[in-house]
Amino acid sequence: MIRRRIGNTNLWVSSVAMGCWPIAGITSIGVTESESLATISAALDSGINCFDTAYCYGYGGESEQLVGRVLRPHRHEVVIATKVGVRWDGEGQHARSDLSSGWLRTDVEASLRRLRLERIDLLQVHWPDEAGVPIGETMATLEQLKSEGKVRHIGLCNYRAAELDEASRLGTVACLQTPYNLLRREFEAELQPWLRDHGRGAVVYEPLCRGLLTGKFDARQRFADSDLRARRSLSAKRWRAS
């Protein structure tokens, strides 16, 4: 497996990472715990060393828990990335970003416990704040978490170029995670040039557009109402999905 460095960090990762959203059962209808654990192990055996998860992959951090169970014995062989800042409503129906200092700290401490880690390799803000928190407060908290040894590197997800620019002036942003595939190419307009010019890394998600580019499906395919692909637009609007 080819290894690539994330931006100018010391993180060298497999060119193909494992995205751990489906293993929590939200997007994979009928997935079992044994299947999820076996999938993580198979990815590790195939040479994948980067595993990307988040608190809200699941309604109680289920994905992080599964990743922690399998990868703890391989801690020094892998790069574990997770995402913070998002909380579910009381019914688990709507996720909302709160990047206040108190919530970020609570989120990070909980992720460390679930992942069975002392330090998170790549801590990513899941998406921009929706609670009116100044970006300066968010970046200051993230930098403090780094200085305390709980985080190695900071990344952002689903940010636009102008937002990236502001955040990078207030802290050290290692990379951006964003959707990019043959059907969703808005990344090429502003984000790709910004990352290149500033020496930041790009971590793309949904390169196969949730399976639509695998060759498995044709125009006759109809997805069940419980499948996100039945109701998600492929427009350039910011998705709150990964």
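Q: Go over the overall build of the chain, please, and point to the residues and values.
A: From N to C terminus, the chain includes six helices and 11 strands. Taken over C-alpha atoms, the radius of gyration comes to 17 Å for the chain, in line with the 18 Å a tight globule of 242 residues would show. With respect to the principal axes defined by its C-alpha atoms, the chain has extents near 50 × 40 × 40 Å. The proportion of buried residues among the 242 residues of the chain is 47%. Partitioning the contacts of the chain with sequence separation of at least 6, the portion at a separation of at least 24 is 70%. Total accessible area computed for the chain in this model is approximately 11900 Å², and 49% of it derives from carbon and sulfur atoms. The average position of the 33 basic charges and that of the 30 acidic charges among the side chains of the chain differ by 3 Å.

Q: Before we move on, can you summarise the environment of isoleucine 80 with the specific residues and values?
A: Tracing the chain through its elements places isoleucine 80 in strand E5 (residues 79-84). Between the C-alpha atoms of isoleucine 80 and leucine 104, which are 24 residues apart in sequence, the distance is 18 Å. Ignoring any residue separated from it by four or fewer positions in sequence, one finds isoleucine 80 in contact with Phe51, Leu71, Leu115, Leu117, Ile120, Asp121 and Leu122.

Q: Got a sec to walk through the nonpolar core? Specific residues and values, please.
A: Of all hydrophobic cores here, the largest spans 42 residues; its most connected members are Ile40, Phe51, Leu71 and Leu164. Aside from chain neighbours lying at most four places away, what touches leucine 71 is Ile40, Leu44, Phe51, Val78 and Ile80.

Q: Give a description of the side chain of aspartate 107 that names residues and reports values.
A: Along the chain, aspartate 107 falls in helix H3 (residues 101-115). Nearest to the buried, unbridged aspartate 107 among oppositely charged side chains is arginine 114, at 4.4 Å. At 2.6 Å, the side chain of aspartate 107 forms a polar contact with the backbone nitrogen of glycine 85.

Q: Explain the pattern of salt bridges to me, and be specific about the residues and the numbers.
A: Counted under the stated rule, the structure contains 16 salt bridges. Across the salt bridge formed by lysine 150 and glutamate 109, the nearest N and O atoms sit 2.4 Å from each other. In this pair, lysine 150 is assigned in the loop between helix H4 (135-147) and strand E9 (151-157) and glutamate 109 in helix H3, connecting sequence segments 41 residues apart. The class for glutamate 109 is partly exposed, based on a relative accessible area of 30%. Put simply, glutamate 188 and arginine 185 hold a salt bridge, and the shortest N to O gap is 3.1 Å. Using a relative accessible area of 29% as the deciding quantity, one classes glutamate 188 as partly exposed. Through salt bridges that share partners, Arg105, Glu109, Glu148 and Lys150 make up one connected network.

Q: Residues and numbers for unusual backbone geometry, please.
A: Unusually for a residue other than glycine, asparagine 158 sits at a positive phi of about 65 degrees. Judged by relative accessible area, which is 6%, asparagine 158 ranks as buried. With a phi angle near 55 degrees, arginine 210 is a residue other than glycine that sits in the positive phi range. Inspection of the secondary structure assignment puts arginine 210 in the segment after strand E11 (201-205).

Q: Please provide a residue-by-residue account of the sheet that holds strand E8 (residues 120-125), values included.
A: Pairing in this open sheet of seven strands is parallel, and the strands run E3-E4-E5-E8-E9-E10-E11 from one edge to the other. A strand with exactly one partner marks an edge of an open sheet, and here the two such strands are strand E3 (18-19) and E11. Where E8 lies against E9, five bridges are found, and the strand directions are parallel. Paired with isoleucine 120 across the bridge in E9 is valine 151.

Q: Let's hear about the pairing of E8: which residues, and what values?
A: For E8, a buried count of six out of six residues is recorded, marking the element as mostly surrounded by other parts of the structure. Bridging between E5 and E8 involves four bridges; their strand directions are parallel. Residue pairing for E8: alanine 81 is matched across the bridge by leucine 122. For the crossover that starts at E8, traverses H4 and ends in the parallel E9, the hand is right-handed.

Rules used throughout
Residues numbered from 1 in each chain as written. Predicted model: local features only at pLDDT ≥ 70, side-chain atom pairs only at ≥ 80, totals over all residues. Heavy atoms only, no water. Helix = DSSP H or I, 4+ residues; strand = E, 2+ residues; numbered from the N terminus. Rg over C-alpha atoms; globule rule 2.2 N^0.38 Å. Buried < 20%, exposed > 50% of the residue type's maximum accessible area, 1.4 Å probe, protein only. Contact = heavy atoms within 4.5 Å. Areas by Shrake-Rupley, 256 points an atom, 1.4 Å probe, with all protein chains shown as cover. Lys, Arg positive; Asp, Glu negative; His and termini not counted. Charge placed at Lys NZ, Arg CZ, Asp CG, Glu CD. Core = buried A, V, L, I, M, F, W, Y, C linked by side-chain atoms within 4.5 Å. Salt bridge = Lys/Arg side-chain N within 4 Å of Asp/Glu carboxyl O. Polar contact = N/O pair within 3.5 Å; in protein donor to acceptor, adjacent residues only side chain to side chain. Pairing = 2+ DSSP bridges. Right-handed = clockwise from strand over helix to strand, strands pointing away.

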